[in-house]
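# Structure at a glance
These are the residues of each chain, in order.
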Amino acid sequence: MEHHNKILGVYLSADHAAVVLLGCSDSGFKVFDCFTAQALAPDEQQGGKSIAAVIAETVRQKNIGFSAAAVALDCRLYSQQSLHSEFKDAKQISKTVAFDAEESLAADAAEMAVAFEIISQSESGSDLNVFASGKQKLHDIILDMAVNKLDPVTVEPDVIGVRRLCEQLGGDSWKSFIWAMISNHNCYIISPAADRNKPLLRTFLTNPSQNKTGLLSREIMITAAAGNSAGLIDGIKMYDSTGTIDAAAIERLVSLKVESVDIPAGFSAAAADPQQCPAIEMICAAGAAMGQLIKSDTVDFRPAFMPYQGKKIIVETTIMAVSVMATIVIFALGLYLQLEMFKTNQYRAKLDRNLRAEYALAMPGQKFPSTENPVSKLTREISKIKSVKAGQFAAEGEDSVAAQMTYLLEAFNETDKTVDLEISSITVSQKDITIAGSTNTGGHLKLFEAIDKHQKLQRQQFTYQSKNDRDSFRMTINSKKQGEKE
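About the cut-offs
- Residues numbered from 1 in each chain as written.
- Predicted model: local features only at pLDDT ≥ 70, side-chain atom pairs only at ≥ 80, totals over all residues.
- Heavy atoms only, no water.
- Salt bridge = Lys/Arg side-chain N within 4 Å of Asp/Glu carboxyl O.
- Helix = DSSP H or I, 4+ residues; strand = E, 2+ residues; numbered from the N terminus.
- Expected span 1.5 Å × (residues − 1).
- Bend = angle between axes of the 7 residues up to and from the residue.
- Buried < 20%, exposed > 50% of the residue type's maximum accessible area, 1.4 Å probe, protein only.
- Contact = heavy atoms within 4.5 Å.
- Arc of directions from axis to C-beta.
- Polar contact = N/O pair within 3.5 Å; in protein donor to acceptor, adjacent residues only side chain to side chain.
- Phe/Tyr/Trp six-rings, centres within 6.5 Å; stacked < 30°, edge-to-face > 60°.
- Lys NZ or Arg CZ within 6 Å of the ring centre and 35° of its normal.
- Pairing = 2+ DSSP bridges.
- Axes fitted to C-alpha atoms, helices over the stretch in contact; angles between N-to-C directions.

### Some words on the pattern of salt bridges
Under the definition given, this model contains 14 salt bridges. Across the pair lysine 62 and aspartate 33 runs a salt bridge, and its minimum N-O distance is 3.6 Å. Here lysine 62, found in helix α1 (residues 51-62), pairs with aspartate 33, found in strand β3 (residues 28-38); they are 29 residues apart in sequence, far enough to count as distant. Arginine 470 is the salt-bridge partner of aspartate 420, the closest N and O atoms lying 3.0 Å from each other. Of this pair, aspartate 420 sits in the loop between α11 (401-414) and β14 (422-428) while arginine 470 sits in strand β17 (residues 470-479), and the two are 50 residues apart along the sequence. Three or more residues are tied together by salt bridges with common partners; here these are Asp420, Glu422 and Arg470.

The structure is reproduced here in structure tokens:
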């Protein structure tokens, strides 16, 4: 079932509850469903059920979907008083208000859950509406609802929900009227007060046998006088769920026009049967739910001793889920990259094997270069082949052993005929030729001169020594590279 932005409002008293499913519609707010619940005492067949358990069971049976729950606490479960605090900052007030209320309540501050709102401020501090309830009682209520998956976002006094609803029904001019809502059990009066940011709130108990007309007239006059609101009130807006109040008599007694308000019609209630959902209790429950649908000041008992953790848990769960998903994605990505790298390495190894095989065919007898790019070496060989084909030098190359020996013999033949040359050893390598031998005295110079004059040879290292009228020498020669000076 679609439940986005539908709030379950619960009016909670000591022995029963009224539940309203409130949401938004094009014309304002709409009650989608409502019902009442009572705790079940244990019997012989089954154990008892708490109010929260009965609400949870009914929600399941009706297949009601909601995004959050909010509680309006019956006025019998809290006390209300006006206090003055020397502080103006709400955070400072919250740290001291329980001790300020301790004396007037004659109760231990540690055993009370206190909620407050600032109704006016002056140079001397702040005037407060203070609400106090038993901490253990509230703890049990909240814990019971949380166990049944109804953990409330807020737990507020019922009169706050009534005020919130009056504000929505009255629009911008709602503070110009006294709002009175009365049933056979409770009465709520909200009156504008001079020099105050917040209206004056009053709750008191009634019973079915009382004269509601006289009671309401008297309490309205007391409320107006207490708020010093003379000249601020345009009239009285009244909702009478008992049907016993004489509006004309109240007009005569308080000298103000009385106008009736049809709350269920204003909410477009889908199930406004007073037998199923008493109107006043529905108003309180709807007002509590409304605090989660609009931007509104809350007077919440929870923050002082048992802060709501629902959003935190949702955020933590979401972060955990996102973290798990991110880990899976990263693992999958890493595995994919590993497989791609493995495939690439296999492909490179295959290319390397093919290249080595083809290199061996192209360069027989040559080792595959380990420190040089084989392409560069093959390129040089191709250039040499092209030079051979162009007739620049023999196929063996200018630096071949045969070529160097040929050049060496040419140098010997060009040596002066007076030189008595004896060769004792010739050592040949791919790079150079080392020659050891001797000449007659001074003949080694003419031999060196002949080698130096040859266009294709150059001496690298040489030594000589005169002994027994002979010049012994040892020299290393190689071919001149193309472009070197002769």
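Okay, back to it.
### Structural notes on helix α2 (residues 90-105)
Spanning 16 residues, α2 covers 21 Å between terminal C-alpha atoms, matching the ideal 22 Å at 1.5 Å per step. Along its length, α2 reaches its greatest deviation from straightness, about 45°, at threonine 96. When α2 is considered as a whole, its buried residues turn out to be Ile93, Val97, Ala98 and Ala101. Of the surrounding elements, those touching the buried residues of α2 are β5 (79-85), β6 (112-122) and β7 (125-134).

### Some thoughts on helix α6 (residues 247-254)
Taken together, the buried positions of α6 are occupied by Ala249, Ile250 and Val254. Seen from one end, α6 has its buried residues packed into an arc of 115°, which puts them on one side. Looking at the buried side of α6, the elements it contacts are α5 (212-226), β12 (235-240) and β13 (258-260). For α6, the capping residue at the N-terminal end is aspartate 246, with a side-chain oxygen 3.2 Å from the backbone nitrogen of alanine 248. Looking one or two places after α6, you find serine 255, whose phi comes out positive at around 60°.

### Some points on the side chain of serine 85
With respect to the helices and strands, serine 85 occurs in strand β5. A polar contact of 3.2 Å, which involves the side chain of serine 85, links it to the backbone nitrogen of phenylalanine 87. Aside from chain neighbours lying at most four places away, what touches serine 85 is Ile93, Thr96, Asp100, Ser124, Gly125, Ser126 and Leu128.

### Details of the packing of aromatic side chains
All chains considered together, the criterion is met by five aromatic pairs. Pairing tyrosine 359 with phenylalanine 368 gives two aromatic rings, centres 5.3 Å apart and planes at 80°, and the pair type is edge-to-face. Against the face of phenylalanine 32 rests lysine 6, its NZ or CZ located 4.3 Å from the ring centre.

### Here's the deal with the sheet that holds strand β1 (residues 7-12)
Spatial ordering of the open sheet is given by β3-β2-β1-β4-β8, a layout of five strands whose pairing is mixed. Two strands close off the open sheet at either side, each with one partner strand: β3 and β8 (152-157). Across the sheet, the mean angle from the axis of one strand to that of its neighbour is 20°, orientation sign disregarded. In this structure, β1 lies alongside strand β2 (residues 16-25), joined through six bridges in antiparallel fashion. Paired with valine 10 across the strands is valine 19, a residue of β2. Strands in contact with helix α4 (residues 158-170) are β1, β3, β4 (68-73) and β8; relative to β8, the strand with the most contacts, it is inclined by about 95°.

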